[in-house]
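Residue-level structure breakdown
One letter stands for each residue in the lines below.
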Amino acid sequence: MPGQAVDFLATGRAYVQAVAALAGVATSTPSPDYGVDLSLRLIEQHDNALHDARVQLDLQLRSTTRANVSPDTVTYDLDVRTYNFLCDLSPVRCVLVLLVLPEDETQWLHQMPEGLVIRSCAFWMSLRGAERTAATSSVRVVIPRPQVFSVTAVRAILERLSRGEEP
């Protein structure tokens, strides 16, 4: 209902969980949250049974109505603490997933008997190994527009990780 407080993290988490479910990927929510909002795990089928492939991708989620979306890029001002966290060379890869929503929250979701339409798009990027910043409030990140957080992208990222490659 317009005018009510909106939980942006919950909105981003729901979007990512829907994409992950279609990709056949398991999700979990770390508790307590020390910087990772959601984790994805690759699931494989062997001998007619599903198994955890022990390949994990951690996600830092952001949802916004204030990103600048151009034909080639998505630009967003990310807080310094999160930026530096994502630059770390940790053994488990962690990427930023940015859900860009329309400014008018009544346009975010349209429900009808024929289906449910989510009018938003999420983009992802890895900052692993990037130089940490000395900025005090935010860092502008530029995500290539083709890096849509999609079923195909999730599967491809986890497959690359399973081969020891970067996301």
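Summarised in this report is the structure supplied together with it. The shown structure was predicted, so the numbers you read here are calculated from the model rather than taken from an experiment.

Parameters and conventions
Residues numbered from 1 in each chain as written. Predicted model: local features only at pLDDT ≥ 70, side-chain atom pairs only at ≥ 80, totals over all residues. Heavy atoms only, no water. Pairing = 2+ DSSP bridges. Helix = DSSP H or I, 4+ residues; strand = E, 2+ residues; numbered from the N terminus. Axes fitted to C-alpha atoms, helices over the stretch in contact; angles between N-to-C directions. Contact = heavy atoms within 4.5 Å. Buried < 20%, exposed > 50% of the residue type's maximum accessible area, 1.4 Å probe, protein only. Polar contact = N/O pair within 3.5 Å; in protein donor to acceptor, adjacent residues only side chain to side chain. Salt bridge = Lys/Arg side-chain N within 4 Å of Asp/Glu carboxyl O. Expected span 1.5 Å × (residues − 1). Arc of directions from axis to C-beta.

**Topic: the sheet that holds strand β9 (residues 121–125)**
Spatially, β1-β2-β3-β6-β9 is the arrangement adopted by the 5 strands of the open sheet, whose pairing is mixed. Every other strand in the sheet has two partners, leaving β1 (26–28) and β9 as the edge strands with one partner each. The mean inter-strand angle of the sheet, taken between neighbouring strand axes irrespective of direction, is 35°. Pairing analysis gives 8 bridges linking strand β2 (residues 38–46) to strand β3 (residues 49–64), with the strands arranged antiparallel. Within the sheet, the bridge partner assigned to Gln-45 lies in β3 and is Leu-50. Strands β3 and β6 (94–100) of the sheet are contacted by helix α2 (residues 80–87), whose axis makes an angle of about 140° with β6. Packing of helix α3 (residues 151–162) onto the sheet brings it into contact with β2, β3 and β9, and relative to β3 it is tilted by some 120°.

**Description of the pairing of β9**
Counting buried residues in β9 gives 4 out of 5 residues, a clear majority hidden from the surface. Here β6 runs beside β9; their pairing, made up of 5 bridges, is antiparallel. In the sheet register, Leu-98 faces β9, and the bridge partner there is Phe-123.

**Considerations on the side chain of Thr-82**
Structurally, the position occupied by Thr-82 is in helix α2. Within the structure, Thr-82 has its side chain in polar contact with the side chain of Arg-62 (distance 2.6 Å). With sequence-adjacent residues up to four places away left out, Thr-82 is seen in contact with Gln-60 and Arg-62.

**Observations concerning the sheet that holds strand β5 (residues 73–79)**
Pairing within the open sheet is antiparallel, and its 3 strands lie in the order β4-β5-β10. Every interior strand has two partners, whereas the edge strands, β4 (68–69) and β10 (138–144), have only one. In this sheet, β5 lies alongside β4 in antiparallel orientation, the contact comprising 2 bridges. Considered in β5, the bridge of Asn-68 is made with Thr-75. On the sheet, α2 packs against β5 and β10 and is oriented at approximately 105° with respect to β5.

**A few points about the pattern of salt bridges**
Opposite charge on two side chains makes pairing possible when the charged atoms of those side chains draw close. Inspection of the entire model under this criterion finds 7 salt bridges. As a salt-bridge pair, Arg-93 and Glu-166 come within 2.9 Å of each other at their nearest N and O atoms. In this pair, Arg-93 sits in the loop between α2 and β6 while Glu-166 sits in the segment after α3, placing the two residues 73 residues apart along the sequence. Here Glu-165 ties to Arg-163 by a salt bridge, and the two come within 3.2 Å at their closest N and O atoms. Each of Arg-93, Arg-128 and Glu-166 takes part in salt bridges that share partners, so that together they form one network.

**Considerations on helix α1 (residues 8–23)**
For α1, which comprises 16 residues, the first-to-last C-alpha distance of 23 Å matches the rise-based estimate of 22 Å (1.5 Å per residue) to within 8%. Those residues of α1 that fall on the buried side of the exposure criterion are Gly-12, Arg-13, Tyr-15, Val-16, Val-19, Ala-20 and Ala-23. The buried residues of α1 occupy one face: seen down the axis, they fall within an arc of 160°. Exposed side of α1, more than 90 degrees from the buried face: Ala-21 and Leu-22 are the residues found there. N-cap assignment for α1: the residue whose side-chain oxygen lies 3.1 Å from the backbone N of Leu-9 is Asp-7. Once α1 ends, the next one or two residues include Gly-24, with phi positive near 75°.

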